[in-house]
Amino acid sequence: MSEVIVKIRLLIAAARGHLKKQSFSASTVEKYSRRWEKIADYMCRTGIWNYDREVGQKYLEHLFGPFSYSPLSIKEKTIVRKVQYLTEFQEKGSVSKRRKEPEVVFTGRIGKIAESFILTRKESGYSVSTTASYRQYLHVFLTFIEEQRIDSPNAIKPPHVVAFVESQKRKSLTTQYGMFGAIKSFLKHLHTIEPDTN
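This is a predicted model, so every value here is computed, not measured.

### Looking at the packing of aromatic side chains
Working definition: an aromatic ring pair is given by the centre-to-centre distance plus the angle between the planes.
Inference 1: Tallied over the full model, the rule gives 13 aromatic pairs.
Inference 2: Measuring from centroid to centroid gives 5.9 Å for Trp36 and Tyr85, while their planes differ by 25°, and the two rings are stacked. In this pair, Trp36 is assigned in helix α2 (residues 26–46) and Tyr85 in helix α4 (residues 74–92), connecting sequence segments 49 residues apart.
Inference 3: With a relative accessible area of 0%, Trp36 lands in the buried category.
Inference 4: Seen from their ring centres, Phe141 and Phe164 are 5.1 Å apart, and the 80° between their planes marks the pair as edge-to-face. A residue pair is termed long-range when its members are at least 10 positions apart, and Phe141 in helix α6 (residues 128–147) and Phe164 in helix α7 (residues 158–167) qualify at 23 residues.
Inference 5: On the accessibility criterion, Phe164 (0% relative accessible area) is buried.
Inference 6: Among the aromatic side chains, those forming a connected cluster through ring pairs are Phe24, Tyr32, Trp36 and Tyr85.

As structure tokens, this is what we get:
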């Protein structure tokens, strides 16, 4: 693509064409298109005119709230893949047919500390799957924290953590156990870097 497509209707039309070139069935093309039209409706309702990765993520959080990919249902993962396809096509102009879990990227001051935390775990010999789980769990937590309009480590207080724990009660006990263990370790790491953090 010579330039990034930002107008959602043009993007949808081009992405539909790409699906067809990849020999997806007509029914699959329609299913993807219906989901993308829902994104366009969401953008119209919220006054967003240009699509990008951040808009795709906001749309998913509009549907699921703060989320991690792994614990989602098959139906929810399918929705994420459809959004991911549109985003990748918009950014690269093409999409490989093989799909993978979306990459979690941390941003902001707390996000940088999260990246350093993940790195220390890798350097300590944690397995690839464990550090990937930590990344997913922290993404859910930091998305929740961001929604509370918290952007500095020392603004994270015990009531925020309690509210987050309450918000995750519908997840399986195994997921909760792994998630809360990762977050507890992260908060300890945060406290060593930012001693004023409660």
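### Digging into the side chain of Thr175
Inference 1: Inspection of the secondary structure assignment puts Thr175 in helix α8 (residues 173–193).
Inference 2: Thr175 gets classed as buried once you look at its relative accessible area, which sits at 15%.
Inference 3: Those residues within four positions of Thr175 in sequence are excluded, and the remaining contacts are Pro71 and Tyr137.

### Remarks on the pattern of salt bridges
Inference 1: Counted according to the given criterion, the structure contains 7 salt bridges.
Inference 2: Where Arg9 meets Glu37, a salt bridge forms, and the shortest distance between an N and an O atom there is 2.2 Å. Taken together, the residues Arg9 in helix α1 (residues 8–21) and Glu37 in helix α2 connect sequence positions 28 residues apart.
Inference 3: We classify Arg9 as partly exposed; its relative accessible area is 42%.
Inference 4: Between Glu166 and Lys169 there is a salt bridge; the shortest N-O distance is 3.2 Å.

### A few points about the environment of Gly178
Inference 1: Mapping Gly178 onto the fold places it in helix α8.
Inference 2: The class of Gly178 is partly exposed, set by a relative accessible area of 22%.
Inference 3: Each C-alpha atom, one on Gly178 and one on Arg53, is 28 Å from the other, the two residues being 125 residues apart in sequence.

### Considering α6
Inference 1: Relative to the 28 Å expected for 20 residues at 1.5 Å per residue, α6 spans 29 Å between its end C-alpha atoms, a close match to the ideal helical length.
Inference 2: Looking one or two residues past α6, Arg149 carries a phi angle of roughly 65°, positive in sign.

### Concerning the packing of helix α3 (residues 53–64) against α4
Inference 1: Here α3 crosses α4 at 165°, and the two axes come no closer than 9 Å. In this view, α3 runs roughly antiparallel relative to α4, as classed from their interaxial angle. Read as a crossing pair, α3 and α4 show a hand that is right-handed. The residues of α4 that touch α3, namely those facing Arg53, Gly56, Tyr59, Leu60, Leu63 and Phe64, are Glu76, Ile79, Val80, Val83, Thr87 and Glu91.
Inference 2: Of the residues assigned to the contact of α3 with α4, the class counts are 7 nonpolar, 2 polar and 3 charged.

### Some remarks on unusual backbone geometry
Inference 1: You will see that Ser23, though not glycine, has its phi angle at about 65°, which is positive.
Inference 2: Within the fold, Ser23 resides in the loop between α1 and α2.
Inference 3: Taking the relative accessible area as the measure of exposure, Ser23 reaches 61% and is therefore exposed.
Inference 4: One non-glycine residue with positive phi stands out, namely Arg149, at about 65°.
Inference 5: Considering the arrangement of structural elements, one finds Arg149 in the loop between α6 and α7.

Rules and cut-offs
- Residues numbered from 1 in each chain as written.
- Predicted model: local features only at pLDDT ≥ 70, side-chain atom pairs only at ≥ 80, totals over all residues.
- Heavy atoms only, no water.
- Phe/Tyr/Trp six-rings, centres within 6.5 Å; stacked < 30°, edge-to-face > 60°.
- Helix = DSSP H or I, 4+ residues; strand = E, 2+ residues; numbered from the N terminus.
- Buried < 20%, exposed > 50% of the residue type's maximum accessible area, 1.4 Å probe, protein only.
- Contact = heavy atoms within 4.5 Å.
- Salt bridge = Lys/Arg side-chain N within 4 Å of Asp/Glu carboxyl O.
- Expected span 1.5 Å × (residues − 1).
- Axes fitted to C-alpha atoms, helices over the stretch in contact; angles between N-to-C directions.
- Parallel < 35°, antiparallel > 145°, perpendicular 65-115°, else oblique.
- Left-handed = near helix turned anticlockwise from the far one by under 90°.
- Nonpolar A, V, L, I, M, F, W, Y, C, P; charged D, E, K, R; others polar.

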